[in-house]
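Observations on the model geometry
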Amino acid sequence: SRTWKVIRERGVIAAIEHVVDRPDRTAGFKALEEVGLENFAFEAVILRHPELFSESAVARSRERMAQFSE
């Protein structure tokens, strides 16, 4: 529910970047990881559409998604 609040306040792109720019993985990210649905994480969305997001959001997304293969 916090995500929707941020989306209303900042817009979709800025909200996604805000979530991804946090230093630690979010609870939502961890939950998706636990059930094998990491392709639905904001990080995966950013990597599918990097032209829409900042370089820092793309870089952080690459780092986090690389953790799945470890």
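Our structure is the block above this text.
What this report covers is the structure whose coordinates are included nearby.

Cut-offs and rules
Residues numbered from 1 in each chain as written. Predicted model: local features only at pLDDT ≥ 70, side-chain atom pairs only at ≥ 80, totals over all residues. Heavy atoms only, no water. Helix = DSSP H or I, 4+ residues; strand = E, 2+ residues; numbered from the N terminus. Buried < 20%, exposed > 50% of the residue type's maximum accessible area, 1.4 Å probe, protein only. Expected span 1.5 Å × (residues − 1). Arc of directions from axis to C-beta. Contact = heavy atoms within 4.5 Å. Salt bridge = Lys/Arg side-chain N within 4 Å of Asp/Glu carboxyl O.

This paragraph deals with the environment of Trp 4. Mapped onto the elements of the fold, Trp 4 is located in helix α1 (residues 2-10). Residue Trp 4 is classed as exposed on the basis of its relative accessible area, which comes to 57%.

The next thing to look at is helix α5 (residues 55-66). Counting along an α-helix, one turn takes 3.6 residues, and residues three or four places apart therefore face a common direction. Look at α5: 17 Å from first C-alpha to last across 12 residues, which is about the 16 Å you get at 1.5 Å a residue. Residues of α5 that are buried: Ala 57, Val 58, Ser 61, Arg 64 and Met 65. Looking down the long axis of α5, one finds its buried residues gathered within 130° of arc, a one-sided arrangement. For α5, exposure combined with an orientation more than 90 degrees from the buried face picks out Glu 55, Arg 62 and Glu 63. In the core, the buried residues of α5 are packed alongside α2 (12-20), α3 (27-34) and α4 (42-48).

Right, let's talk about the pattern of salt bridges for a bit. Under the defined criterion, the tally for this structure stands at 2 salt bridges. With a closest N to O distance of 3.5 Å, Glu 9 and Lys 5 form a salt bridge. In this pair, Glu 9 and Lys 5 are both assigned in helix α1, 4 residues apart and thus about one turn of the helix distant. Overall, Glu 9 belongs to the exposed group, its relative accessible area being 53%. Exposure remark for Lys 5: the relative accessible area of 46% places this residue in the partly exposed category. Glu 43 is paired through a salt bridge with Arg 64; the nearest N and O atoms lie 2.9 Å apart. Separated by 21 residues along the polypeptide, Glu 43 in helix α4 and Arg 64 in helix α5 bring together distant segments of the chain.

By themselves, these figures tell us nothing about what the structure is for.
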